[in-house]
Amino acid sequence: MPIGAEILLIAVVTAVAAALPGCFLVLRRVSLVGDAISHAILPGIVVAFFITDDLSSPLLLVAAAATGVLTVALIEALHRTGLVAEDAAVGLVFPAMFSLGVILISRYASGVHLDTDVVLLGDLAFAPFDRLAVAGVDLGPTSLWTMGGVLALNLTFVALLYKELKLATVDPGLASLLGFSPGLLHHALMCLVSITAVGAFSAVGSVLVVALMIAPPATAYLLADRLSAMLLLSAAAAAGSAALGERVAVTLDVSIAGAMAGAAGLVFAVTFLVAPRRGLLAQARRRARQRLDFRLRMLLVHLLQHETLGDADRECRTLELHRHLRWSPSATSRVARVAEERGLVSPMGPLLTLAPDGRRLAEAAVVGDPTGN
């Protein structure tokens, strides 16, 4: 397989593996905890490396998971005191843990491949050169096997505990009443985040793995109403961002991991703008429709009121409506035109009068029935 294809495959597998647990972080509104874990596991990795002197040792994953759970425990312990808010607890714990890891690397591991540049940015371009060989047979890049295993673990975890995770995420109280353990599931999820983060270290680094863990799920959240759809869309957004980022990096000769994170952010930004229901444009259209509907009802109520009072000749003149309603002439003309197009009003000489449907809606608005029934 060409090196470029191997880099692309590693990028896609890494992005999808990071996106799966990221969905639950986004839904639980603990994305900052994922950020904290991805940084705070560094001391565990460094200590495990000092013990084994092997970056591919499984002990690194174990140490990372343990450090991730410790980080979550410290954050929760600080938060439970009531003296520190949760976001402040995150801000206190993970910089301290990450700084400790950076100090250990700078002081004791400056002469080996485990350096701060690799930790922060990864070395995806060089990943295909670290090969896994068994009995002299080249099985491909080690990073691909590592992240493939992490992806398989994440898929298995989500598939086996899908209902439990869904319930504990949406309603922890109900999950507890039904005999589940939301706390245990939470810590298991944090272990999974830790393992995913350390597996992705060599590919995208600790900083950029956060983007791959949060941006695709956040994109999917804007598009999906069901957890299953969100997981699928998140995986698709992650894979697409990885492929787009890899192509941009090759074209512009820039960091692959940085381009992947940038692509993930771009995909989110576009979705944030044009998502059918939750995008900014959709919200703007919805607010415009609501504003128009409100003004239509105000116009209809005004016509009904003054028709009843008998002063319609003065209050319902088409050219004078904007003065009585205190709207701009252009806004008043637009609302009157839409009302006429919908058959709610009809002009009668210089006056604007209610049509039967308009009268029914106005009477319903007066009595507080928004449906007009």
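Our subject is the structure that appears above.
All figures in this text were calculated on a predicted structure; none of them were measured in a lab.

Caption draft 1: Spatial organisation of the overall build of the chain. Of the regular secondary structure elements, the chain holds 17 helices and 4 strands. Against the compact-globule benchmark of 21 Å for 373 residues, the chain has a radius of gyration of 29 Å, which places it well outside the compact range. Based on the C-alpha atoms only, the size of the chain along its principal axes is roughly 95 × 50 × 35 Å. By residue count, 46% of the 373 residues in the chain fall in the buried class. If you take every contact in the chain between residues at least 6 apart in sequence, the share linking residues at least 24 apart comes to 67%. For the chain, the exposed surface amounts to about 18,600 Å²; the carbon and sulfur share of it is 65%. Placing the 27 positive and 28 negative side-chain charges of the chain at their respective mean positions leaves the two points 11 Å apart.

Caption draft 2: Main features of the packing of aromatic side chains. Inspection of every chain in the model, using the stated rule, returns 2 aromatic pairs. Seen in terms of ring centroids, F49 and F50 are 6.2 Å apart; in terms of plane orientation they differ by 50°. Their pairing is tilted. Note on F50: relative accessible area 35%, which makes it partly exposed. Aromatic pair F268 and F272: ring centres 5.7 Å apart, planes at 25°, arrangement stacked. Highlighted residues: F268 and F272, both in helix α12 (residues 256–274), separated by 4 residues, approximately one helical turn. Residue F272 is classed as partly exposed on the basis of its relative accessible area of 36%. Directly above the ring of Y221 sits R278, whose terminal nitrogen or CZ lies 5.3 Å from the centroid.

Caption draft 3: Quick peek at the pairing of strand β1 (residues 131–134). Bridge count for β1 against strand β2 (residues 137–141) is 3 bridges, and the pairing is antiparallel. What sits directly across from A133, in β2, is D138. Connecting β1 to the next strand, β2, in antiparallel fashion are 2 residues, including A135 with a positive phi near 55°.

Caption draft 4: Seen up close, the pattern of salt bridges. This model, assessed by the stated rule, comprises 12 salt bridges. The residue D138 makes a salt bridge to R131 at a minimum N-O spacing of 3.2 Å. The exposure class of R131 is partly exposed, given its relative accessible area of 33%. Between R278 and D225 there is a salt bridge; the shortest N-O distance is 3.0 Å. Placement of R278 in the loop between α12 and α13 (280–309) and of D225 in the loop between α10 (182–223) and α11 (227–252) is noted, with a sequence separation of 53 residues between them. Accessibility expressed as a relative area gives 53% for D225, which makes it exposed. Residues joined in a network through salt bridges with shared partners are E6, R131 and D138.

Parameters and conventions
Every chain's residues receive numbers from 1 upward, in the order its sequence appears when written. Since the coordinates come from a predicted model, pLDDT governs what is reported: local features require at least 70, and pairs of side-chain atoms require 80 or more to be given and counted, while whole-chain, interface and lining totals use all residues. Side-chain metrics rest on all non-hydrogen atoms present in the structure, leaving aside hydrogens and water. Put simply, DSSP marks the helices as runs of H or I at least four residues long and the strands as runs of E at least two long, and each gets a number from the N terminus on. We take the radius of gyration over the C-alpha atoms and set the globule estimate at 2.2 Å times the residue count to the 0.38 power. Exposure classes here rest on a 1.4 Å probe applied to the protein chains alone. A residue is buried below 20% of its type maximum, exposed above 50%, and partly exposed in between. Any two residues having at least one pair of non-hydrogen atoms within 4.5 Å are treated as being in contact. Values of accessible area rely on a 1.4 Å probe in the Shrake-Rupley scheme; residue burial ignores everything except the protein chains shown. We count Lys and Arg on the positive side and Asp and Glu on the negative side, and we leave His and both chain ends out. Here the site of a charge means NZ on Lys, CZ on Arg, CG on Asp, or CD on Glu. Put simply, two rings from Phe, Tyr or Trp (the six-membered ring, in Trp's case) pair if the centres are within 6.5 Å, and we call them stacked under 30 degrees between planes, edge-to-face over 60, tilted for the rest. Criterion for a charge above a ring: Arg CZ or Lys NZ at most 6 Å from the ring centre, at most 35 degrees from the ring normal. Here, a strand pair is defined by DSSP locating no fewer than two bridges between the strands. The working definition used for a salt bridge is a side-chain nitrogen of Lys or Arg within 4 Å of a carboxyl oxygen of Asp or Glu.

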